[in-house]
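The residues making up each chain are set out below.
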Amino acid sequence: MQIDSDLQRNVETLKKKLGQNDDIMFYTFSFGDSRQKACLLYIDGLTENKLLAQYVISPLQKESLAQKEGMIEDLSAFFFGYHHSAISTIKEIQQFIFSGHTILLADGYSAGLAFDTKTLMTRNLEEPSSEIVERGPKIGFIEKLRTNTALLRERTSDPNLVIKEMTIGKRTKKKIAVAYIQDIAPDYVVKEVFKRLKSITTDDLPESGTLEQLIEDEPFSIFPTILSTERPDRVESSLLEGRVSILVDGTPFALIVPATVDEFIHSPDDYSQRWITMSLIRLLRYSSILITIYLPGLYISLVSFHTGLLPTRMAISIAGSRLNVPFPPFVEAFIMIFTIELIREAGLRLPKPIGQTIGLIGGVVIGQAAVQAQIVSALMVIVVSITALASFTVPSYAYNFPLRIIRIAGMISAAMLGMYGVIMVFLFVIGHLMRLKSFGQDYIIPIMAQPGQDLKDTVIRIPTLFLKRRPTRKDTKDKIRQR
């Protein structure tokens, strides 16, 4: 429906469509020498009143309209130098007003103007809450898209950095920004990103986690194939390695594609410390992943099936600690793992001071009480506690969930088949990782197939001076990082 030149008719039409919303304001007034009738439409609370007064009302009060036979010749010229958009349909009015714009309609003019007067409801820039910064810039993304793109521009002053915006969502229009460095990122990756984004037909995009699920390669895999982060420095380093970042308005979490398995284990702080220290820490992380996945299953298989593999004195000690325990090792492990998961989830949902207290006291008290009640053995408490501690060494919180799932699968297989079950789970996980892809790039194969180059910055990290080339598995246009 087109905007009518009769202001009263437009107001009546809009009140029928929008009148059930008490927060939508219809402000009718007169301006100009001939007291031309006009109406402002805006959402109370979503519009900044100072911007409304400065950019819309004040210019109308200061100037007089050049009229011809009672018609406004050019309403847009009135606001020369002020950011506004011309609109001609009722549907456009609805789209603009619900995004925080102010609509100006004038009698005798069959079009309107939309002013960007949206109030800035944002929090201050602060340290990322989900990623601890040991050494580096202590600043993270916030919920405002334009602030996040500005942070990215500030850190990445490369003129080849491209930021393209688009809107997703049929009902709630949500802006997203795609960032990449034009002469580094592979063309096929960039094209694939835009292809998947344009194919989305959802009503709403509440958070970048929803977008991640809509564009990922393997929706049925337990492993994430898209990396998320709150840190601008991590996005910057990823762009310089040929990857593409996706930022969503309304969330501080940016997405990075494609992603390989080692990137979930690495941290941006790895490059701020000396190489020997960080190489040892990386080895500790990889060892912790193996402990998280296989230690409970290994313990169950040795105690239940393969006691002959244990040293005699250790086997006697374990048998003595389990003498009065009524449950088999699998049930013991399951009870303790389930308890640890309950404490972890309770600590996350409660306020921080209470959550930390519950996590510390709950683990100690419940573990000690379970041993004294002879529900579980003391060694099982130690095994589960070490497993829980090892799981927290992975920098990516999202990568922690698949490790916990594999741990349960390893425990079940070990209870059924012993060591053979643990080995089967290991082979299955490796085979699954080898077939995964992320936006056309392999998830793990290049790390194993090209050790000469990529292993310099994978399991360990050699001195930065010798990292002259970008990772070959990223298939970048510009291969050289240090010249």
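Under an unreviewed UniProt entry, the protein has the name Germinant receptor protein B protein and belongs to Bacillus inaquosorum KCTC 13429. What UniProt states about the protein under its Sequence similarities (unreviewed entry) heading is, verbatim, "Belongs to the GerABKA family."

1. Examining the packing of aromatic side chains
Scanning all chains against the criterion turns up eight aromatic pairs. A centroid spacing of 6.2 Å and a plane angle of 15 degrees characterise the contact between Phe-334 and Phe-338, whose relative ring orientation is stacked. Linking Phe-334 with Phe-338, this pair stays in helix H10 (residues 329-349), spanning four residues, or about one helical turn. For Phe-334, a relative accessible area of 40% gives the class partly exposed. Taking 5.1 Å as the distance between ring centres and 80 degrees as the angle between the ring planes, the aromatic pair formed by Tyr-397 and Phe-401 counts as edge-to-face. By relative accessible area, Tyr-397 is classed as partly exposed at 42%. In this structure an aromatic cluster arises from ring pairing among Phe-223, Phe-264, Tyr-399 and Tyr-443. The ring of Phe-439 is capped by Arg-196, whose NZ or CZ atom sits 4.0 Å from the centre of that ring.

2. A closer look at the pairing of strand E2 (residues 36-43)
Counting buried positions along E2 yields seven of eight residues, so the element is predominantly enclosed. Of the pairings in the sheet, the one linking E2 to strand E6 (residues 102-106) comprises four bridges and is antiparallel in character. Pairing of Cys-39 across the sheet is with Leu-105, part of E6.

3. Side note on the sheet that holds strand E7 (residues 112-115)
An order of E1-E2-E6-E7-E5 is seen for the five strands of this open sheet, with the pairing classed as antiparallel. The open sheet has two free edges, formed respectively by strand E1 (24-31) and strand E5 (84-87), since each of these has just one partner strand. Along the sheet, successive strands turn relative to each other by an average axial angle of 25 degrees, direction set aside. Where E1 and E2 come together, eight bridges link them in antiparallel fashion. The residue bridging Phe-29 from the neighbouring strand is Ala-38, located in E2.

4. A word on the UniProt feature "transmembrane region" (unreviewed entry) in the protein
UniProt tags residues 283-305, 325-343, 375-399 and 405-430 as "transmembrane region" (unreviewed entry). A distance of 23 Å separates the end C-alpha atoms of residues 325-343, which is 79% helix and 0% strand. Segment residues 375-399 splits into 56% helix and 0% strand. End C-alpha atoms: 31 Å apart.

5. Re the pattern of salt bridges
Evaluated as defined, the whole model comprises 16 salt bridges. Between Glu-165 and Arg-146 there is a salt bridge, with its nearest N and O atoms 2.4 Å apart. On the criterion of sequence distance, the pair formed by Glu-165 in strand E8 (residues 161-168) and Arg-146 in helix H4 (residues 145-155) is long-range, its members being 19 residues apart. Its salt-bridge partner being Arg-435, residue Glu-218 comes within 4.0 Å of it at the nearest N-O pair. Residue Glu-218 is found in the loop between helix H6 (208-215) and strand E10 (227-229), and its partner Arg-435 is found in helix H14 (residues 419-435); the two are separated by 217 residues along the sequence. Each member of the salt-bridge network shares a partner with another, and the members are Glu-192, Arg-196 and Asp-217.

6. Points about the environment of Asp-269
Looking at where Asp-269 falls in the secondary structure, it is placed in the loop between strand E12 (254-257) and helix H8 (275-304). Put simply, Asp-269 and Glu-134 are 135 residues apart on the chain and 6.5 Å apart in space, counted from C-alpha to C-alpha. In contact with Asp-269, not counting residues within four places along its chain, are Ile-132, Val-133, Glu-134, Arg-135, Arg-231 and Met-278.

7. Observations concerning unusual backbone geometry
Looking along the chain, the bond that leaves Val-257 and enters Pro-258 is cis, with omega of -15 degrees. Along the chain, the position of Pro-258 falls in the loop between E12 and H8. Although it is not a glycine, Phe-439 adopts a positive phi angle of roughly 55 degrees. Mapping Phe-439 onto the fold places it in the loop between strand E13 (437-438) and strand E14 (441-442).

8. Some points on the sheet that holds E10
Spatial strand order, E8-E9-E11-E12-E10: five strands in an open sheet with antiparallel pairing. Of all strands in the sheet, those bounded by a partner on one side alone are E8 and E10. For this sheet, the mean angle separating the axes of adjacent strands, direction not counted, is 25 degrees. Relative to strand E11 (residues 244-248), strand E9 (residues 174-181) runs antiparallel, the two being bridged by four bridges. Bridge pairing in E11 places Ile-176 opposite Val-248. Against the sheet, H4 engages E8, E9 and E11, with an angle of about 165 degrees to E8. In the packing of helix H5 (residues 187-198) onto the sheet, the strands contacted are E8, E9, E11 and E12, and the crossing angle to E9 comes to about 175 degrees.

Basis of the calculations
Residues numbered from 1 in each chain as written. Predicted model: local features only at pLDDT ≥ 70, side-chain atom pairs only at ≥ 80, totals over all residues. Heavy atoms only, no water. UniProt positions renumbered as here; feature names shortened; annotations may be inferred. Phe/Tyr/Trp six-rings, centres within 6.5 Å; stacked < 30°, edge-to-face > 60°. Helix = DSSP H or I, 4+ residues; strand = E, 2+ residues; numbered from the N terminus. Buried < 20%, exposed > 50% of the residue type's maximum accessible area, 1.4 Å probe, protein only. Lys NZ or Arg CZ within 6 Å of the ring centre and 35° of its normal. Pairing = 2+ DSSP bridges. Axes fitted to C-alpha atoms, helices over the stretch in contact; angles between N-to-C directions. Salt bridge = Lys/Arg side-chain N within 4 Å of Asp/Glu carboxyl O. Contact = heavy atoms within 4.5 Å.

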